[in-house]
Amino acid sequence: MWNYEKILQYPVKVSKNDLEMAKYLYAQYGGPDSELSAGIRYLTQRYFIPTDEAKATLTEIGTEELAHWEILGTLIYKLTEGLPVQALRDAGLGAHYAQHGKNLYPHDAAGVPWTASYIQSHEDPIATLHENLAAEQKARATYEYLINLSNDAGVIDTLSFLREREVVHFQRFGETLDIVRDYLENEGGRRDY
Amino acid sequence: MTREQLEMLKELMALDFYVLELSLFLNTHPNNRQALEDHNMTVRKYQDLKMDYVRRYGPLCIGCVSEYPWQYIETAWPWEIEY
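Residues numbered from 1 in each chain as written. Chains lettered and ligands numbered in written order. Predicted model: local features only at pLDDT ≥ 70, side-chain atom pairs only at ≥ 80, totals over all residues.

## Examining the UniProt feature "domain: Protein CotJB" (unreviewed entry) in chain B
At step 1: According to UniProt, the positions carrying the feature "domain: Protein CotJB" (unreviewed entry) are residues 7-80 of chain B.
At step 2: Annotated as 64% helix and 0% strand, the span residues 7-80 of chain B places its first and last C-alpha atoms 16 Å apart. (UniProt positions renumbered as here; feature names shortened; annotations may be inferred. Helix = DSSP H or I, 4+ residues; strand = E, 2+ residues; numbered from the N terminus.)

The following block contains the structure:
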């Protein structure tokens, strides 16, 4: 099960409204390499993965991704809060407003809705963990593009924290891959092919 | 939210994060004694501070003790806080 705590993993401070930036941040709220994709991906992959280290890593990183999803939601909320409809329209968020009002929706920076086809879940742990290593690098790259698009020190600070987490997760998934490889070679030697 | 409460909340956030970071490391290094000691020490600090925070400012979760009436719905939502 999960328990909700009314705290963010990292503070979100924005210096001013910036609807264009809010629109770009949707890349990580509901895009292919978003925090939503990451959370659903890892939490779905847990069931048939061998080794307790791998089960723990998928569970904890998957859970952390949902905390990051909340940070992205907070960034978008704070950048959008209190602005008139015309401002949303001017920033290219008129179509979003037509369908959702000002509330959030899991779509990408271009408005394409999130889909489970962004993620994969294999029984084969080598395939799964390589997908996750790639996912962390794609998210890191996306955060770098977003940092380049922002000129708000607060937004950049939060995005830099999230970028750093991708690097740490990549490291942890790499260690998990080594552990699973050892397991397959030494204990789980029989494979189903 | 007062400056004092915010500072305490940020300290709690930092400790919570440190526990998570150490646990992620321990998941792939379960035999690292130093990391485990750091983890256990940080958990104790976190629990003490959280208890103190909740006593002063109200519940952060449904498993926190609440005064009457139910306080969980009244404490600040994380996306509405001015950090």
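## A closer look at helix α1 (residues 19-30) of chain A
All names here are of chain A.
At step 1: With twelve residues, α1 should reach 16 Å at 1.5 Å per residue; the first-to-last C-alpha distance of 17 Å fits that figure.
At step 2: With ten of twelve residues buried, α1 lies mostly within the body of the structure.
At step 3: Listed as buried for α1 are M21, A22, K23, Y24, L25, Y26, A27, Q28, Y29 and G30.
At step 4: At its buried positions, α1 is contacted by α2 (35-45), α3 (52-80), α6 (125-149) and α7 (153-186). (Expected span 1.5 Å × (residues − 1). Buried ≥ 20, exposed ≤ 12 C-beta atoms within 10 Å, placed from the backbone. Contact = placed C-beta atoms within 7 Å.)

## What about the interface of chain B and chain A?
At step 1: Taken residue by residue, the interface counts 20 residues in chain B and 24 residues in chain A.
At step 2: Of the residues contributing to the side of chain B that touches chain A, the split by class is 13 nonpolar, five polar and two charged. (Nonpolar A, V, L, I, M, F, W, Y, C, P; charged D, E, K, R; others polar.)

## Here we look at the packing of helix α1 (residues 3-28) of chain B against helix α2 (residues 33-57) of chain B
Residue and element names in this part refer to chain B.
At step 1: The N-to-C vectors of α1 and α2 enclose an angle of 150 degrees; their axes lie 9 Å apart at closest approach. Classified by the interaxial angle, the pair formed by α1 and α2 is roughly antiparallel. Seen along the crossing, α1 lies across α2 with a hand that is left-handed.
At step 2: Across the contact of α1 with α2, the residue classes break down as 16 nonpolar, four polar and five charged. (Axes fitted to C-alpha atoms, helices over the stretch in contact; angles between N-to-C directions. Parallel < 35°, antiparallel > 145°, perpendicular 65-115°, else oblique. Left-handed = near helix turned anticlockwise from the far one by under 90°.)

## Structural notes on the nonpolar core
At step 1: With 46 residues, the main nonpolar core has A:L25, A:I71, A:L75 and A:I76 as its most contacted residues.
At step 2: Those elements that provide at least two residues to this core are α1, α2, α3, α6 and α7 of chain A together with α1 of chain B.
At step 3: The contact partners of A:I71, leaving out residues within four places of it in the chain, are A:L8, A:Q9, A:Y10, A:V12, A:T158 and A:L162. (Core = buried A, V, L, I, M, F, W, Y, C linked by C-beta atoms within 7 Å.)

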